[in-house]
Amino acid sequence: FFSATQTADELPDKNTLKVSVHETVTLKDGETVLLRLLETARVANLHLPKNKILTATAKIQGNRLTLSVTHIEQQGRIIAVNLSAFDLDGQPGVFIPNSEEMNAVKEVVAGMGQSAGTSFPFNSSAGQQLAADAGKGVMQGASQYLNKKMREVKVTLKAGHLLFLTANK
């Protein structure tokens, strides 16, 4: 707020860049998302025009999706930067509602898939035992694959979601 002795001209420079998610995307840990600059900016003595596309790397941590921009390309120059995305609530990353509950459900389903196909009765002939062992191997392989896929956390970011980028200290 402005006090009686302070004017808007005396306020400190802002330390954020306003960006939005360029297109709707479903992300897993370590994947990238495109962000669109909503204002002109100067980063490392480089002028970045409004609507410039930046690439951020996603990392899922608990109930937050953190996004970081480490490099910017402009006019054939690649500049190393260290920018982090903040949600409009001023907290780092994007809040993922109900992520802990969804993880618990996925763990239960993945655990059920892991136990599938692990018990086969012993057969009397060697041929039947060999066929049962081969079937068990296929079931366990498929079960492990599904188990891994079920535990994978995915987050969908909608196009136009507003964020702030700020430099890390």
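Not measured: the values here are computed from a predicted model.

Caption draft 1: Spatial organisation of the overall build of the protein chain. Of the regular secondary structure elements, the protein chain holds two helices and eleven strands. Reading the helices (α) and strands (β) of the protein chain from amino to carboxyl end gives β-β-β-β-β-β-β-β-β-α-α-β-β. Per-residue burial over the protein chain gives 26% buried out of 169 residues. For the protein chain, the proportion of contacts with a sequence separation of at least 24, taken over those separated by at least 6, is 57%. Summing over all exposed atoms, the protein chain offers an accessible surface of approximately 11,000 Å²; the carbon and sulfur share of this is 56%.

Caption draft 2: Representation of the pairing of strand β8 (residues 77–86). The sheet contact formed by strand β7 (residues 64–74) and β8 spans six bridges and is antiparallel. Its bridge partner being in β8, Glu73 is matched across the sheet by Ile78. The antiparallel pairing of β7 with β8 creates a hairpin that spans two residues between the two strands, and Gln75 there sits at a positive phi of about 50 degrees. In the sheet, β8 pairs with strand β11 (residues 162–167) via three bridges, with the strands oriented antiparallel. In the strand pairing of β11, Ala85 is matched with Leu165.

Caption draft 3: Examining the pattern of salt bridges more closely. A complete count under the given rule lists three salt bridges for this structure. Glu39 is paired through a salt bridge with Lys14; the nearest N and O atoms lie 2.8 Å apart. With Glu39 in the loop between β3 (32–37) and β4 (41–43) and Lys14 in the segment before β1 (17–21), this pair connects stretches of sequence that are 25 residues apart. In this structure Lys14 comes out as exposed when scored by relative accessible area, which is 55%. With its nearest N and O atoms 3.7 Å apart, the salt bridge here joins Arg64 to Asp89. Highlighted residues: Arg64 in strand β7 and Asp89 in the loop between β8 and β9 (94–95), separated in sequence by 25 residues. On the accessibility criterion, Arg64 (16% relative accessible area) is buried.

Caption draft 4: Quick peek at the side chain of Ser84. By the element assignment, Ser84 lies in strand β8. Overall, the relative accessible area of 15% leaves Ser84 in the buried class. Within the structure, Ser84 has its side chain in polar contact with the side chain of Asn168 (distance 2.7 Å). Beyond its immediate sequence surroundings of up to four residues, Ser84 is in contact with Leu67, Ser68, Phe164, Leu165, Thr166 and Asn168.

Parameters at a glance
Residues numbered from 1 in each chain as written. Predicted model: local features only at pLDDT ≥ 70, side-chain atom pairs only at ≥ 80, totals over all residues. Heavy atoms only, no water. Helix = DSSP H or I, 4+ residues; strand = E, 2+ residues; numbered from the N terminus. Buried < 20%, exposed > 50% of the residue type's maximum accessible area, 1.4 Å probe, protein only. Contact = heavy atoms within 4.5 Å. Areas by Shrake-Rupley, 256 points an atom, 1.4 Å probe, with all protein chains shown as cover. Pairing = 2+ DSSP bridges. Salt bridge = Lys/Arg side-chain N within 4 Å of Asp/Glu carboxyl O. Polar contact = N/O pair within 3.5 Å; in protein donor to acceptor, adjacent residues only side chain to side chain.

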